[in-house]
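# Overview (structure and organization)
These are the residues of each chain, in order.
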Amino acid sequence: MSIMTWTVHGDGRSVSPGEAVAPKERLSWPRTIGIGAQHVLAMFGSTFLVPVITGFPPTTTLFFSAVGTVLFLIITGNRLPSYLGSSFAFLAPIAAAQASGGMGVALGGIVMTGLLLALVGAVVHFAGTRWIEITMPPVVTGSIVMLIGLNLAPAAWGMVQASIGTALVSAASVVIVTVLFRGILGRLSILLGTVVGGIVAALRGEYDLSAVGDAAWFGLPEFTAPQFDLTVLALFIPVVLVLVAENIGHVKSVAAMTGDDLDPVTGRALLADGLATTVAGLGGGSGTTTYAENIGVMAATRVYSTAAYWVAAGFALLLSLSPKFGALIAATPTGVLGGLATVLFGMIAVLGARIWAQGKVDFGNPVNLMSAGIALVVGAANYTWVAGDMTFEGIALGTAAALVTYHVMAAITRWRHADDAVASPAFVEGDEH
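What this report covers is the structure whose coordinates are included nearby. Just so it is clear, the structure is predicted and the values come from calculations on it, not from any experiment. (Residues numbered from 1 in each chain as written. Predicted model: local features only at pLDDT ≥ 70, side-chain atom pairs only at ≥ 80, totals over all residues. Heavy atoms only, no water.)

## Some points on the overall build of the protein chain
For the record, the criterion: Secondary structure elements follow DSSP: runs of H or I of four or more residues count as helices, runs of E of two or more count as strands, with numbering from the N terminus. Radius of gyration: over C-alpha atoms. The globule rule applied is 2.2 Å multiplied by the number of residues raised to the 0.38 power. Relative accessibility decides the category of a residue: with a 1.4 Å probe and only protein chains considered, values under 20% of the type maximum give buried, values over 50% give exposed, and everything between is partly exposed. Here, two residues are considered to be in contact whenever any of their heavy atoms come within 4.5 Å of each other. Accessible areas in this description were obtained via Shrake-Rupley with a 1.4 Å probe; residue shielding takes into account the shown protein chains only. Only four residue types enter the charge count: Lys and Arg as positive, Asp and Glu as negative, with His and the chain ends excluded. All charge positions are set by atom: Lys at NZ, Arg at CZ, Asp at CG, Glu at CD.
Helix and strand counts for the protein chain come out as 20 helices and 6 strands. For the protein chain, the C-alpha radius of gyration of 22 Å lies close to 22 Å, the compact-globule estimate for 433 residues. Considering only C-alpha atoms, the protein chain reaches an extent of 65 × 50 × 45 Å along its principal axes. For the protein chain, with 433 residues in total, the buried portion stands at 52%. Residue pairs at least 24 apart in sequence account for 81% of intrachain contacts in the protein chain once pairs closer than 6 positions are excluded. Looking at the protein chain as shown, the accessible area adds up to about 18700 Å², and 66% of this sits on carbon and sulfur atoms. If the 17 positive side-chain charges of the protein chain are averaged to one point and the 23 negative ones to another, these points end up 11 Å apart.

The following block contains the structure:
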């Protein structure tokens, strides 16, 4: 059967209670196109924030998110419904790389990240994921994700200071929309928060739309070639670990929703995201990752058809071919971005805690407690170490601290043949742990 062939689910018009549209099924094309449009709306709020915050051309990032999604669908054999949007894990290393070498060097870091992720995917395809679970247990993965969010906190505050009032309205709008509306509207909270914040910013005279008027309606995105500097590689290596965790989590989530055994596709998913990120970096786009927002749309609609994602990629590609649309996105006031960043960076940090909870991490065990605690302080305070031409900052050092502390302490514990770890400094008398 061709990769572009889907069977029609039922009558093609509805999904009966207790049923779902499988990845290789679809509804009628008008309904499939409508669901594809929902996926574009769901991913758009987060995807455009990364290029706007980093100064990358928004239409270029949107273009490569569409290309990356198509690559992902092809490489996974149309078995894994997913949209590849901008990854927030790249924000901090991109900012650091730009400060030291400009946009080209940052793009070089994105390319190297993609190649490393693709390599991990190839290994997983042949060797399975067990080695990842051993190398990066939940306490380590959760710590890395959390310290990235905490490390970005000062950047959010810097944007908020541009217009505290506008930032407050933007953040409050996201919060209220999330809890006030159900279904697709609730999942568009970032997009709707941007709209509300933008209206307030316009009323306060904070919009500069001069570039929008000068931009053409149609045209190719702005492409930029990468420059390679191995001294920035350490900035991006932690991102690989985060992308591995995000992709594996995505595969497990979709498998749980569809009831399909998708473990054999895990390696392909990592390889596909790695190649998509590599291609994006080669042309001037942000690194990609699978999007939880789109998983939410699938959960709400019970439509897991990959046909909808081909449609979403097509819509994103069309939007990327309008420089005027890109200029409008790039004109988003800093205050609006500050409010959104406050919410999103905080959510990144708390996602680390979610990984701990899902992995049932026992913080009564000092191996876990110290591994996480040391890493978080190093990341949040942005510890810096300069070695020759290389500069290692909070995210890289915090990641190293989590990995080294955990594996050294765990090795010593095994060497002692200790079934129960020694009491931690946070041990409370009477604690059953």
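## Focus: the packing of aromatic side chains
So the rule is basically this: For Phe, Tyr and Trp, rings pair up if their centres lie within 6.5 Å, where Trp contributes its six-membered ring, and each pair is then called stacked (planes under 30 degrees apart), edge-to-face (over 60) or tilted (otherwise).
As enumerated under the stated definition, the model contains 6 aromatic pairs in all. Ring plane angle 85 degrees and centroid distance 6.0 Å describe the contact between tryptophan 6 and tryptophan 29, whose orientation is recorded as edge-to-face. Here tryptophan 29 lies in helix H1 (residues 29-47) and tryptophan 6 lies in the segment before strand E1 (7-8), a separation of 23 residues in the sequence. In this structure tryptophan 6 comes out as buried when scored by relative accessible area, which is 9%. When the centroid spacing of 4.9 Å and the interplanar angle of 75 degrees are considered together, the rings of tryptophan 356 and phenylalanine 363 count as edge-to-face. Assessed through its relative accessible area of 30%, phenylalanine 363 is described here as partly exposed. Ring pairs connect the aromatic residues Phe63, Phe64 and Phe223, which therefore count as one cluster.

## Let's talk about the pattern of salt bridges
Rule in force here: What makes a salt bridge here is a side-chain nitrogen of Lys or Arg within 4 Å of a carboxyl oxygen of Asp or Glu, nothing more.
The full count for this structure, using the stated rule, is 1 salt bridge. Note that arginine 204 and glutamate 206 form a salt bridge whose closest N and O atoms lie 3.7 Å from each other. Residue classification places arginine 204 among the partly exposed residues on the basis of a relative accessible area of 47%. On the accessibility criterion, glutamate 206 (26% relative accessible area) is partly exposed.

## Structural notes on a nonpolar patch on the surface
Worth spelling out the cut-off: Patch membership requires over 30% relative accessible area and the absence of a salt bridge. Like charges are linked within 9 Å, and nonpolar side chains (Val, Leu, Ile, Met, Phe, Trp, Tyr) within 5 Å.
On the surface, Leu116, Leu119, Val123, Trp131 and Ile237 cluster together to form a nonpolar patch covering roughly 400 Å² of accessible area. Top contributing element to the nonpolar patch by residue count: helix H5 (residues 103-127), with 3 residues. Tracing the chain through its elements places leucine 119 in helix H5.

## Looking at the nonpolar core
The nonpolar side chains of a soluble globular protein tend to be buried, and buried together. Using the following cut-off: Nonpolar cores were defined as sets of buried Ala, Val, Leu, Ile, Met, Phe, Trp, Tyr and Cys residues, with membership established by side-chain atoms within 4.5 Å.
Counting 98 residues, the largest nonpolar core has Met43, Leu49, Phe88, Ile148, Phe236, Val244 and Phe345 as its most contacted members. Sort the elements by how many residues they give to this core and helix H13 (residues 233-258) lands first, with 12 residues. Those residues in contact with phenylalanine 236, other than ones at most four positions away along the chain, are Phe90, Pro93, Ile94, Ala97, Ala106, Gly109, Ile110 and Thr113. Membership of the second largest hydrophobic core comes to 6 residues, among which are Val15, Val21, Val303 and Ala308.

## Side note on the side chain of threonine 306
By secondary structure assignment, the location of threonine 306 is in helix H16 (residues 306-320). Discounting residues that sit within four places of it in the chain, threonine 306 has contacts with Trp6, Pro23, Leu73, Asn78, Leu80 and Pro81.

Distances and angles like these do not, on their own, reveal function.
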